[in-house]
Amino acid sequence: MAPKKRPETRKPFEVVLCPKSKKSRSAREPEPEAKKLCVKGPGCSRRLDSGCLWEKLTSLQVSPPCGSIVRALHQHKLGRTDWPSLQKIGAGGSITGLKFNPLNTNQFFTSSMEGTTRLQDFKGNTLQVYASYDTCNFWFCSLDVSGKSRVVVTGDNVGNVFLLNMDGKELWNLRMHKKKVTHAALNPCCDWFLATASVDQTVKIWDLRQVKGKSSFLYSLPHSHPVNAAHFSPDGAQLLTTDQKSEIRVYSASQWDSPPSLIPHPHRHFQHLTPIKASWHPRYNLIVVGRYPDPNFKSCSPRELRTIDVFDGSSGKLMHQLYDEESSGIISLNEFNPMGDTLASVMGYHILIWSQKQAAMCK
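These numbers come from a predicted model, not from an experiment.

**Focus on the sheet that holds strand 14 (residues 202-207)**
Then step 1. Across the sheet, four strands lie side by side as 12-13-14-15; this open sheet has antiparallel pairing. A strand with exactly one partner marks an edge of an open sheet, and here the two such strands are strand 12 (181-186) and strand 15 (219-222). The average angle at which neighbouring strand axes cross in this sheet is 15°, direction not considered.
Then step 2. The pairing of strand 12 with strand 13 (residues 193-198) spans five bridges and is antiparallel. Residue pairing for strand 13: Val181 is matched across the bridge by Ser198.

Rendered as structure tokens:
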């Protein structure tokens, strides 16, 4: 049975623009056509009052330059000391995965093109190396950590996946994919449940308690293009995948064999662009993803904006869009804080911090 597709939305429900600053736009950059709308949308399918939710989303505005926000937070916590910096690893040493240590938030795990997966602190010290290659031909592309099971999982550029305990002991090392493992995710509710995504155009589901070889996966979910990411929903009941072309999928964890919900969306891959990855809102059944307008996409319109799109995770309907006139680049990554009222968006060398205004816009 062919996967069912969600209808494409030609006109976004609403686009929220941040207020214009006095900074002038480049003469070569066209003025955006979007209007500032302030309308409450239909409710989402999960928790709390829907009107309240969309009012909160509508009130999200980009905050002042994020450097000052991050610096202010640092000064508030640590006092007015020198701005901390970690030792750089040089060109070609990109960080490919980062997770805070769930047992000590002053530490974090990283995987990198340097060829290591390691535990570090904010002073730049390497506390432990969990996996390492002594050659530049192999490196690590993905990472996840479970505090409950005390395990670290990391994938490399040739399809291998390593499982280690937090003491550094390797539990197994298997070639689970034919090509690069772009993403590894442990289920937040059942952390023995692992999803791995790869450029071999598959996402595989594994039971860590029963892994005996590369063919011991529970399910293999084929895609039409290489896959950038596979995220479990906060309640662990759904799996969200992002390919490298124009499709987002939502799988039901209880019905892996059933056709997934498909959301057509332009986010094509470009060699020098951080891969775009859709992610979940932590409290509502909402999906956020950066838009990379594609003239070959069916519903593409002239001078389409590079927005942050918000979809209903149940219906696949485009509910909301965010756009900052002064930062019109492509948003590759979006991450909410645990309460879901602040959104950090990564765009090249910049980070936009979207926060809820104190006064409601929609009156």
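Next comes the rest of the write-up.
**Brief notes about a nonpolar patch on the surface**
Then step 1. On the surface, Ile95, Leu98, Phe100 and Phe122 cluster together to form a nonpolar patch covering roughly 400 Å² of accessible area.
Then step 2. Here Phe122 lies in the loop between strand 6 (116-121) and strand 7 (126-132).

**Topic: the pattern of salt bridges**
Then step 1. Under the counting rule described, the total for this entry stands at six salt bridges.
Then step 2. For the salt bridge of Arg209 with Asp207, the shortest nitrogen-to-oxygen distance reads 3.0 Å.
Then step 3. The exposure class assigned to Asp207 is buried, which follows from its relative accessible area of 4%.
Then step 4. One salt bridge in this structure joins Asp309 and Arg291, with 2.7 Å as the shortest N-O distance. Placement of the pair is Asp309 in strand 22 (residues 308-312) and Arg291 in the loop between strand 21 (286-290) and strand 22, with a sequence separation of 18 residues.
Then step 5. Classification of Asp309 as buried rests on a relative accessible area of 0%.
Then step 6. Several salt bridges converge on common partners, so that one network encompasses Arg291, Glu304 and Asp309.

**Points about the environment of Thr105**
Then step 1. By the secondary structure assignment, Thr105 is in strand 5 (residues 104-112).
Then step 2. Thr105 sits in the exposed class, given a relative accessible area of 57%.
Then step 3. Considered as a pair, Thr105 and Phe122 are 17 residues apart in the sequence and their alpha carbons are 9.9 Å apart.
Then step 4. Excluding its chain neighbours within four sequence positions, the residues that come into contact with Thr105 are Phe100 and Phe122.

**Quick word on the side chain of Asp312**
Then step 1. Note on placement: Asp312 falls in strand 22.
Then step 2. Of the polar contacts made by the side chain of Asp312, one reaches the backbone nitrogen of Ser315; its length is 3.2 Å.

**Structural notes on the packing of aromatic side chains**
Then step 1. This model, assessed by the stated rule, comprises 13 aromatic pairs.
Then step 2. Ring geometry for Phe109 against Tyr130: centres 5.5 Å apart, planes inclined by 55°, an arrangement best described as tilted. Pair noted here: Phe109 is in strand 5 and Tyr130 is in strand 7, with a separation of 21 residues, a long-range link. Both residues of the pair, Phe109 and Tyr130, belong to the buried class.
Then step 3. Between Tyr133 and Phe140, the ring centres sit 5.1 Å apart and the planes meet at 15°, which makes this aromatic pair stacked.

Cut-off values and rules
- Counting restarts for each chain: residues are numbered from 1 in the order of the written sequence.
- The predicted nature of this model means local features are confined to residues of pLDDT at least 70 and side-chain atom pairs, given and counted, to a pLDDT of 80 or more, with totals for whole chains, interfaces and linings taken over all residues.
- No hydrogens and no water enter the side-chain calculation; it runs on all heavy atoms of the structure.
- We call two strands paired when DSSP finds no fewer than two bridges between them.
- Every helix listed is a DSSP run of H or I at least four residues long, and every strand listed is a run of E at least two residues long, numbered separately from the N terminus.
- Only the stretch in contact is used when fitting a helix axis, every axis being a line fitted to C-alpha atoms; angles between N-to-C directions are given from 0 to 180 degrees.
- Here the term patch refers to residues with relative accessible area over 30% and no salt bridge, with like charges joined within 9 Å and nonpolar side chains (Val, Leu, Ile, Met, Phe, Trp, Tyr) within 5 Å.
- All accessible-area figures derive from a Shrake-Rupley calculation using a 1.4 Å probe, and residue coverage is judged against the displayed protein chains alone.
- Salt bridge, as used here: a side-chain nitrogen of Lys or Arg that lies within 4 Å of a carboxyl oxygen of Asp or Glu.
- The rule is simple: take the accessible area with a 1.4 Å probe, protein chains only, and divide by the maximum for that residue type; under 20% is buried, over 50% is exposed, in between is partly exposed.
- It only takes one pair of heavy atoms within 4.5 Å for two residues to be counted as in contact.
- Under this definition, polar contacts are N or O atom pairs within 3.5 Å; protein pairs additionally need one hydrogen-donor-capable and one acceptor-capable atom, and for neighbouring residues in sequence, both atoms have to be side-chain atoms.
- Aromatic pairing here means that ring centres of Phe, Tyr or Trp (its six-membered ring) are within 6.5 Å. Orientation follows from the plane angle: under 30 degrees is stacked, over 60 is edge-to-face, and everything else is tilted.

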